[in-house]
Amino acid sequence: MNICFIGTGYVGLVSGVLFSDLGNNVYCVDKDSEKIKNLEQGIIPIYEPGLEEIVIRNFEAGRVKFTSDINQAIRSSDVVFIAVGTPSSKDGSSADLTGVFNVANIISKNLNSYKIIITKSTVPLGTGDKIEAILLKSNNRKKFDVVSNPEFLREGEAIRDFRYPDRVVIGTNNSKKVTPIMEKLYAPIINKGAKFLIVKRRAAELIKYAANAFLATKITFINEIANLCEQTGINVEDIALGIGTDTRIGSRFLRAGPAYGGSCFPKDTKALTRTASNHKVHLQLVNAVIKSNESRSSLITSKIIKILKKPKKKIVGFLGVTFKANTDDMRDSSSLKIIPALIKKGCVVNYYDPTGNKTNFDAYKSVHFYKNANEVIKNSDLLVIHTEWDEFKNMNFDKITKNKNLKIFDLRNLYEDKYFSNKKIKYYSIGRPFNV
Ligand code: UGA
């Protein structure tokens, strides 16, 4: 099939290249010509394990083309995915759709044959209707269908999530015509066991927000239970196991930790509550989740201060600063709140991140990037394990540092208490007895 992805950000690049890997001819379009030139040379603008090899392989086979010629790409395609960014609007509570509507206008001028126009970006309820209205201004209905096909890819796990999703959701108001085409496009994935769900277009748009809000709720729930566990001498992992093995609840996304972050959960939960209030519905639960998560970083900071006792001039080492492992993404990472708060208290922060130095901390004189974890550990009074990279999971702290007074605060529970039981190092974690 001939398809094009407009926007080579995270969603567009990963999905576009992986569709080419399934044998389709794919145009990946971006107005940033520098980015296009780089992609043609195999230089990938995002950090996603395994992606580079797939980009190069499919580019060399001629199945994926990188281009800034949006008109030609649309005209050559049967299916056009809109995958441009939908950042939070200025007030931070809804999505800015300027990019999506600009693309819709360009598509409307290039409908040289019947095309399916798909929103892949996360777009608020009713965006498909607005895109349809733009296209109808200069075309008749027979030339296109607007479909919502939300993505459920996690950063760092995107390749696996694309190839083996639990479900493919297609939102269309013209299922008779659209379903067979979408079924053909997704056949290699459906044949491996993914459920293929056809719903109305607005339902698909809402599914995406509801899914992210539900996952954010699950995480927030276990984080709050973790707070209770710390005060009652219970291990939160026992609770996660005890409730997660009930298939009605499910075991995934029950890892207690720092506040959830990234480019999706914080933005999408807020956009969902805004959509609801536009329809005069108050989503009390989702609002509470947002509030609880927003206060979590100061709760973690106060625990760090408690461990340090006198924070002034203490050296706090951070292992990982991104919002989770296997990504270089700093968006809404809890480190962006915790580190400045520690600096305010007079701490010095040294950090190591497998994806390198982060410009986010350039403004702070007391924040230093180190090129390896050992150097950070050696120089720390307190070590904060902030992200769950594999390389942090099996460290021999005794060998790395001579500091017998080292304290560790493991925000991802990578270690067990018993691992430190006959060592001098004081170990603290999340949702386990917290005695300072
Ligand atoms: C999330 C969803 O998981 C994807 O399905 C969705 O496609 C994507 O948003 C999106 O809307 O584009 P992502 O933000 O990449 O994916 O990352 P997640 O793995 O979901 O993690 C989000 C946050 O939750 C991270 O801060 C992570 O550390 C935290 N988390 C996750 C926990 O604290 N505990 C868990 O058990 C799971």
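Predicted, not measured: the structure shown is a model, and the values here were computed from it.

As for the overall build of the protein chain
Phase 1 of the analysis: Counting its secondary structure elements, the protein chain contains 15 helices and 14 strands.
Phase 2 of the analysis: In terms of C-alpha radius of gyration, the protein chain reaches 24 Å, essentially the compact-globule figure of 22 Å for 436 residues.
Phase 3 of the analysis: By its C-alpha atoms, the protein chain is 75 × 50 × 40 Å across when sized along the principal axes.
Phase 4 of the analysis: A buried classification covers 52% of the 436 residues belonging to the protein chain.
Phase 5 of the analysis: The contacts of the protein chain with a sequence gap of at least 6 include a subset with a gap of at least 24, amounting to 71%.
Phase 6 of the analysis: With an accessible surface of roughly 20,200 Å², the protein chain has 52% of that area assigned to carbon and sulfur atoms.

Quick notes on empty space enclosed by the protein
Phase 1 of the analysis: The final tally for this structure, using the stated rule, is one cavity of 30 Å³ or more.
Phase 2 of the analysis: Computed from the structure, the largest cavity encloses a volume of approximately 30 Å³.
Phase 3 of the analysis: Every residue along the wall of the largest cavity is listed here: Asp398, Thr401, Asn403, Lys404, Lys424 and Ile425.
Phase 4 of the analysis: Partitioned by chemical class, the residues of the lining of the largest cavity number one nonpolar, two polar and three charged.

Quick word on the domain arrangement of the protein chain
Phase 1 of the analysis: Domain boundaries in the protein chain define domain 1 (2-199), domain 2 (215-290) and domain 3 (295-429).
Phase 2 of the analysis: Across the boundary between the two partners, domain 1 contributes six residues, which contact nine residues of domain 3.
Phase 3 of the analysis: With both chains or domains summed, domain 1 and domain 3 bury close to 570 Å², and 44% of this area falls on carbon and sulfur atoms.
Phase 4 of the analysis: In terms of surface lost to domain 3, no three residues of domain 1 exceed Tyr47, Glu155 and Gly156, which account for 84% of the buried area on that side.
Phase 5 of the analysis: Put simply, Arg331 and Glu155 hold a salt bridge, and the shortest N to O gap is 3.8 Å.
Phase 6 of the analysis: At the boundary of domain 1 with domain 3, the tally comes to two residue pairs in polar contact (both at pLDDT 80 or more).
Phase 7 of the analysis: In the side of domain 1 that touches domain 3, the residues fall into two nonpolar, one polar and three charged.

Remarks on the environment of Leu153
Phase 1 of the analysis: Note on placement: Leu153 falls in the loop between strand 6 (144-148) and helix 7 (158-163).
Phase 2 of the analysis: On the accessibility criterion, Leu153 (15% relative accessible area) is buried.

Regarding the packing of aromatic side chains
Phase 1 of the analysis: Across all of its chains, the model carries 20 aromatic pairs by this definition.
Phase 2 of the analysis: When the centroid spacing of 5.9 Å and the interplanar angle of 35 degrees are considered together, the rings of Phe397 and Phe420 count as tilted. A residue pair is termed long-range when its members are at least 10 positions apart, and Phe397 in helix 15 (residues 397-400) and Phe420 in the loop between strand 13 (407-410) and strand 14 (426-429) qualify at 23 residues.
Phase 3 of the analysis: Grouped by ring-pair contacts, the aromatic residues Phe5, Phe19, Phe81, Phe162 and Tyr186 constitute a single cluster.

Concerning the site of the ligand
Phase 1 of the analysis: Looking at the ligand, there are 19 residues lining it, with Glu151, Glu155, Lys208, Asn212 and Cys264 nearest.
Phase 2 of the analysis: Between the ligand and Leu153 there is a distance of 2.9 Å, counted from an oxygen atom to a backbone nitrogen or oxygen.
Phase 3 of the analysis: At 3.4 Å, a backbone N or O of Leu254 approaches an oxygen atom of the ligand.
Phase 4 of the analysis: When the ligand sits alone it has 710 Å² of accessible area, and the protein chains cover 95% of it.
Phase 5 of the analysis: At three residues, the largest contribution of residues to the shell around the ligand is made by helix 9 (residues 201-232).
Phase 6 of the analysis: For the shell around the ligand, the class distribution of residues is nine nonpolar, two polar and eight charged.

A few points about the nonpolar core
Phase 1 of the analysis: Counting residues in each nonpolar core, the largest one holds 38 residues, and the members touching the most others are Ile3, Phe19, Leu51, Phe66, Phe81, Ile170 and Met182.
Phase 2 of the analysis: A total of seven residues in this core trace back to one element, the largest contributor, which is helix 1 (residues 10-21).
Phase 3 of the analysis: For Phe81, the contacting residues outside a window of four places in its chain are Ile3, Cys4, Phe5, Ile6, Phe19, Ile118, Lys120, Asn149 and Leu185.
Phase 4 of the analysis: Counting residues in each nonpolar core, the second largest holds 32 residues, with Ala226, Cys229, Leu308 and Cys347 among its members.

Remarks on unusual backbone geometry
Phase 1 of the analysis: The residue Phe253 is not glycine, and still its phi comes out positive at about 60 degrees.
Phase 2 of the analysis: Following the sequence through the fold, Phe253 ends up in the loop between helix 10 (236-244) and helix 11 (265-278).
Phase 3 of the analysis: On the accessibility criterion, Phe253 (21% relative accessible area) is partly exposed.
Phase 4 of the analysis: Backbone geometry places Lys280, a non-glycine residue, at a positive phi of 60 degrees.
Phase 5 of the analysis: With respect to the helices and strands, Lys280 occurs in the loop between helix 11 and helix 12 (284-308).
Phase 6 of the analysis: Residue classification places Lys280 among the exposed positions, given a relative accessible area of 77%.

Conventions used here
- Position labels on residues start from 1 in each chain and follow its written sequence.
- With the structure being a predicted model, the display of local features is reserved for residues of pLDDT at least 70 and the display and counting of side-chain atom pairs for 80 or more, all residues being used for whole-chain, interface and lining totals.
- Excluded from the side-chain calculations are hydrogens and water; all other atoms, namely the structure's heavy atoms, are used.
- Going along the chain from the N terminus, every DSSP run of H or I of four or more residues is numbered as a helix, and every run of E of two or more is numbered as a strand.
- The globule rule is 2.2 Å times the number of residues to the power 0.38, and the radius of gyration it is compared with is taken over C-alpha atoms.
- Throughout, exposure labels follow a simple rule: accessible area from a 1.4 Å probe, protein chains only, divided by the maximum for the residue type, with under 20% read as buried, over 50% as exposed, and the rest as partly exposed.
- In this description, contact between two residues means that some pair of their heavy atoms is separated by no more than 4.5 Å.
- Note that accessible areas follow from Shrake-Rupley with a 1.4 Å probe, and for residues the cover is restricted to the protein chains shown.
- Grid spacing is 1 Å over the protein atoms alone, the probe is 1.4 Å, and a cavity is where that probe fits but cannot get out, while a pocket is an open set with protein on both sides within 12 Å along at least five of seven lines and lining residues have an atom within 4 Å of a point.
- Grid points are joined across faces, edges and corners, and a volume is the space filled by probe spheres set on the points.
- Residue polarity is assigned by list, with Asp, Glu, Lys and Arg as charged and Ala, Val, Leu, Ile, Met, Phe, Trp, Tyr, Cys and Pro as nonpolar; anything else, Gly included, falls into the polar class.
- Domains are outlined according to an automatic or database domain assignment.
- Summed over both partners, buried area is the accessible surface (1.4 Å probe) that two parts give up on being assembled.
- One side-chain nitrogen of Lys or Arg within 4 Å of one carboxyl oxygen of Asp or Glu is enough to make a salt bridge.
- Pairs of N or O atoms within 3.5 Å make up the polar contacts considered here, provided that, within protein, one atom can donate a hydrogen while the other can accept it, and that residues adjacent in sequence are counted only when both atoms are side-chain atoms.
- Centres within 6.5 Å make a pair out of two Phe, Tyr or Trp rings, where for Trp the six-membered ring is used; the pair is then stacked when the planes are under 30 degrees apart, edge-to-face when over 60, and tilted otherwise.
- The nearness test applies per residue and asks whether one of its heavy atoms lies within 4 Å of the molecule or strand.
- For our purposes a nonpolar core is just a set of buried Ala, Val, Leu, Ile, Met, Phe, Trp, Tyr and Cys residues, chained together by side-chain atoms within 4.5 Å.

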